[in-house]
Amino acid sequence: MTELLTAAQMRAIEAAAIESGEVTGLELMERAGRGVVEAIFEEWPELAKTSHKAVVLCGPGNNGGDGFVVARLLKEWGWEVEVFLYGNAEKLPPDARVNYERWMELGEVKPLGDADFDIDHDMGAKVVIDAIFGTGLSRPFYTLGVVQDTMNYYSSSKDMPNVVSVDIPSGICADSGRYIGYDDENPFDSCVWANLTVSFHSEKLGHRLSLGPIGVQKVVVKSIGIGSDPKQSGEETTPISTPDATCGAGQVKGIVELVSKPTWIGKNYGWNKFSHGHVLILSGPSGKGGAARLSARGALRIGAGLVTVAPTPGALQENAARLDAIMLSPVGDAQVLQAVLADERLNALCLGPGLGVERARDLVPVALAAKRATVLDADALTAFKDDPSVLFDMLHENCVLTPHAGEFARLFPDIAEKLNAPATKGPAYSKVDATREAAARAGCVVLFKGPDTVIAAPDGVCSINSAAYERSAPWLATAGSGDVLAGFITGLLARGFAPMQAAETGAWLHVECALEFGPGLIAEDLPEQLPAVFRKLGA
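Before going into details, it helps to say that this report is about the structure given with it. (Residues numbered from 1 in each chain as written. Predicted model: local features only at pLDDT ≥ 70, side-chain atom pairs only at ≥ 80, totals over all residues. Heavy atoms only, no water.)

## A word on the layout of surface pockets
Quantified by volume, the largest pocket comes out at close to 620 Å³. Every residue lining the largest pocket is counted, 27 residues in all, and those nearest its centre are Arg11, Glu14, Asn62, Asn63 and Thr135. When contributions to the lining of the largest pocket are tallied by element, the ones reaching two or more residues are helix H1 (7-19), helix H2 (25-43) and helix H3 (62-76). When residues of the lining of the largest pocket are assigned to their parent elements, the largest contribution, five residues, is made by H1. Split into classes, the residues belonging to the lining of the largest pocket amount to 13 nonpolar, seven polar and seven charged. Along the walls of the second largest pocket sit 27 residues, with Arg178, Ser210, Leu419, Asn420 and Ala421 positioned nearest its centre. Looking at the lining of the second largest pocket, the elements with two or more residues in it are helix H14 (405-411) and helix H15 (413-420). (1 Å grid on protein atoms, 1.4 Å probe; cavity = no way out; pocket = protein on both sides within 12 Å on 5 of 7 lines; lining within 4 Å. Points joined across faces, edges and corners; volume = space filled by probe spheres on them. Helix = DSSP H or I, 4+ residues; strand = E, 2+ residues; numbered from the N terminus. Nonpolar A, V, L, I, M, F, W, Y, C, P; charged D, E, K, R; others polar.)

## Here we look at the environment of Leu476
Secondary-structure assignment places Leu476 in the loop between strand S20 (462-466) and helix H17 (481-494). Take Leu476: its relative accessible area is 15%, and that puts it in the buried class. A sequence separation of 37 residues divides Leu476 from Cys513, and the C-alpha atoms of the two residues are 9.6 Å apart. Setting aside residues no more than four positions away along its own chain, Leu476 makes contact with Ser481, His510, Val511, Ala514, Leu521 and Leu526. (Buried < 20%, exposed > 50% of the residue type's maximum accessible area, 1.4 Å probe, protein only. Contact = heavy atoms within 4.5 Å.)

## A closer look at the packing of H15 against helix H16 (residues 431-442)
Packing of H15 against H16 leaves a shortest axis separation of 10 Å and a crossing angle of 170°. As summarised for this structure, H15 and H16 are arranged roughly antiparallel, according to the angle between their axes. Across the interface between the two elements, Asp414, Ile415, Lys418 and Leu419 of H15 pack against Lys431, Ala434, Glu437, Ala438 and Arg441 of H16. Partitioning the contact of H15 with H16 into residue classes produces four nonpolar, no polar and five charged. (Axes fitted to C-alpha atoms, helices over the stretch in contact; angles between N-to-C directions. Parallel < 35°, antiparallel > 145°, perpendicular 65-115°, else oblique.)

## Considering the packing of aromatic side chains
Applying the stated criterion across every chain yields a total of eight aromatic pairs. The interplanar angle of 15° and the centroid separation of 5.2 Å between the aromatic rings of Phe392 and Phe412 together place this pair among those described as stacked. Within this pair, whereas Phe392 is found in helix H13 (residues 388-394), its partner Phe412 is found in the loop between H14 and H15, the two being separated by 20 residues in sequence. Residue Phe392 is classed as buried on the basis of its relative accessible area, which comes to 12%. Relative accessible area serves as the criterion here: at 0%, Phe412 is assigned to the buried category. Between Phe408 and Phe448, the aromatic rings sit 4.1 Å apart at their centres with planes inclined by 5°, giving stacked as the arrangement. One end of the pair, Phe408, is in helix H14; the other, Phe448, is in strand S18 (residues 445-448), and 40 residues separate them in sequence. Note on accessibility: Phe408 and Phe448 belong to one class, buried. Above the plane of the ring of Phe448 lies Lys431, whose end atom (NZ or CZ) is 4.5 Å from the centre. (Phe/Tyr/Trp six-rings, centres within 6.5 Å; stacked < 30°, edge-to-face > 60°. Lys NZ or Arg CZ within 6 Å of the ring centre and 35° of its normal.)

## A closer look at the sheet that holds strand S7 (residues 196-200)
The strand order across the open sheet built from seven strands is S4-S3-S2-S5-S6-S7-S8, with neighbouring strands paired in parallel fashion. The outermost strands of the open sheet, each flanked by one partner alone, are strand S4 (109-111) and strand S8 (219-222). If you compare each strand with its neighbour and ignore which way they point, the axes differ by 25° on average. Contacts from H2 reach strand S5 (125-131), strand S6 (162-166), S7 and S8 within the one sheet, and its direction differs from that of S7 by about 145°. (Pairing = 2+ DSSP bridges.)

## Some thoughts on the pairing of strand S15 (residues 346-351)
For S15, the tally of buried residues reaches five of six residues, placing the bulk of the element in the interior. Bridge analysis of strand S12 (residues 278-282) against S15 gives four bridges, and the strand direction is parallel. Bridge assignment links Leu280 to a residue of S15, and that residue is Leu349. In this fold, S15 hands off to helix H11 (residues 357-369), which returns the chain to strand S16 (residues 373-376); that crossover is right-handed. (Right-handed = clockwise from strand over helix to strand, strands pointing away.)

## Details of the sheet that holds strand S13 (residues 306-310)
Ordered in space as S1-S11-S20-S19-S18-S17-S16-S15-S12-S13-S14, the 11 strands form an open sheet in which the pairing is mixed. Each edge of the open sheet is held by one strand with a lone partner, namely strand S1 (2-4) and strand S14 (327-328). Inspection of the sheet shows S16 paired to strand S17 (residues 399-401) by three bridges, in the parallel sense. Among the inter-strand pairings, Val375 is bridged to a residue of S17, identified as Val400. Sheet contacts for helix H18 (residues 499-517): S17, S18, strand S19 (452-456) and S20; angle to S20, the most-contacted strand, approximately 10°.

## Some words on the nonpolar core
Membership of the largest hydrophobic core comes to 53 residues, with the highest contact counts inside it found for Val364, Leu376, Leu391, Leu395 and Leu401. Counting residues per element, this core draws most heavily on H11, which supplies six residues. Leu391 has contacts with Val364, Leu368, Leu376, Ala380, Leu381, Phe384 and Leu411, leaving out every residue within four places of it along the chain. In this structure, Val307, Ala502, Trp508 and Leu521 belong to the second largest nonpolar core, which totals 50 residues. (Core = buried A, V, L, I, M, F, W, Y, C linked by side-chain atoms within 4.5 Å.)

## Quick notes on the pattern of salt bridges
A full pass over the atoms with the stated rule returns 23 salt bridges. When the shortest N-O distance is used, the salt bridge between Arg301 and Glu528 registers 2.7 Å. Taken together, the residues Arg301 in helix H8 (residues 290-301) and Glu528 in helix H19 (residues 525-528) connect sequence positions 227 residues apart. Residue Arg301 is classed as partly exposed on the basis of its relative accessible area of 34%. Residue Glu528 is classed as partly exposed on the basis of its relative accessible area of 29%. Across the pair Glu358 and Arg361 runs a salt bridge whose closest N-O atoms are separated by 2.5 Å. One end of the pair, Glu358, and the other, Arg361, are both in helix H11, three residues apart, so they sit about a helical turn from each other. Through salt bridges with shared partners, a single ionic network connects Glu30, Arg34, Arg72 and Glu76. (Salt bridge = Lys/Arg side-chain N within 4 Å of Asp/Glu carboxyl O.)

## Details of unusual backbone geometry
Cis peptide bonds are those with omega within 30 degrees of zero, and the linkage from Gly426 to Pro427 qualifies with -5°. Its location among the elements puts Pro427 in the loop between H15 and H16. We note that Asp167 has phi near 80°; this positive angle belongs to a residue other than glycine. Position of Asp167 among the secondary structure elements: in the loop between S6 and S7. Relative accessible area serves as the criterion here: at 11%, Asp167 is assigned to the buried category. The phi torsion at Ser210 lies on the positive side, around 50°, for a residue other than glycine. Along the polypeptide, Ser210 turns up in the loop between S7 and helix H7 (212-216).

Here it is, written out as structure tokens:
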């Protein structure tokens with residue numbers, strides 16, 4: 001998997017490299033600047049062929065120092081370059097100050113705010129470099145009036161230039177992806193909106209979480225030659241030696257990983273259906289069985305050896321008319337479920353989709369007492385909203401909770417309140433912080449759904465399944481999509497996957513199925529894409 005870092009972790013990695021004598025701060029800044037220029041010419045090859053005009057906006061920290069390097073390199077390439085500085089040059093950090101002075105030997109630096117940004121003045125600028133704040137912003141962007149006004153000017157100019165942000169667009173929290181001081185009425189004033197974002201060594205959490213991908217638009221990672229720079233191809237990576245650094249506002253330590261394609265998902269030669277597990281999916285009364293059937297189809301397609309749906313006795317005929325390879329076992333009450341679970345070959349349970357809240361209160365305790373690998377979703381979560389501790393006391397380490405935002409707020413209202421509070425300063429409380437805290441409280445894996453799905457275990461191990469950029473799959477916003485995901489995860493649990501691995505793999509395949517089908521997707525289509533996805537994986 002690819003590692004995603006917080007700003008603090010990245011600073012710690014750089015500091016460790018400098019302290020070891022592996023590199024100097026100036027060398028890191030030079031490499032970062034060169035990486036930005038390389039990325040610009042890779043993204044727009046035509047810009048490398050002739051000279052153009054660039055405007056470089058530098059801030060008061062090391063991000064601004066990177067900007068001075070970019071300006072110098074573009075000038076040496078033959079470009080016309082204008083440089084503006086927000087802040088006092090005398091107060092720049094030492095390395096940024098050196099690069100400021102190097103630029104001053106080639107051109108001038110104008111104070112950001114006193115320049116005359118009229119159409120005639122800036123006509124023809126092909127690229128605007130946002131090297132204002134990057135990962136270092138800790139206050140609302142909209143309060144920095146001149147900076148905001150300048151970026152708004154370029155965003156609305158007649159010949160709109162390409163905006164390139166260094167590390168992360170100014171205004172976006174690198175740890176959470178949230179816009180510091182986000183204004184619902186004026187979202188465009190909350191951060192820089194880039195056409196291209198160039199990060200270094202590794203992506204940051206903010207590139208993948210919350211609204212971050214909207215402002216980032218496209219992110220590329222450039223090596224700055226420290227440690228073992230993670231590959232950005234989705235392949236397995238060699239772990240880097242990372243100092244212990246605080247992760248976000250939640251004060252939780254540890255690296256977060258980006259979920260990548262599974263290395264193996266096929267079945268073992270010579271095994272039979274019983275070797276691949278037996279899933280039991282509890283269902284509801286007549287007319288309410290669609291969600292459970294979607295889960296069942298997902299579990300069967302993903303490779304569970306057998307799948308049984310357990311509706312109320314009155315819904316048996318309805319389900320029999322819709323199911324073939326999926327078996328049926330009516331369960332009317334807790335006593336019947338206890339008898340069904342006496343069959344220990346039923347090794348994975350799915351509780352919640354279409355179950356009904358009252359029925360969930362009756363059956364979930366019996367199911368959890370059986371200590372089988374269990375996915376809890378939908379009604380199995382909502383049933384305990386009045387006192388979530390009742391559910392938490394029953395959970396065990398082989399459970400996976402799969403809440404969407406509403407269900408998460410019902411189970412973890414205090415955590416959701418922190419997450420939903422306005423982000424007034426950075427680093428802001430993030431979805432990673434929230435999911436880790438929830439998993440620790442629940443004592444099991446929590447998969448917090450969304451385009452930035454976060455998966456966390458009670459020990460703090462955490463990953464993000466990102467449906468952004470090239471993996472954007474907005475078609476997943478459709479009724480029943482989450483029920484299929486619950487079935488995917490349950491089927492993988494039945495096959496012997498550990499809870500964290502099952503959640504990560506199921507979430508990745510869920511997005512991949514949506515990409516395979518494309519626009520017009522409905523939930524019923526998702527399981528049917530798995531054969532094509534498996535073939536591409538070589539399963």
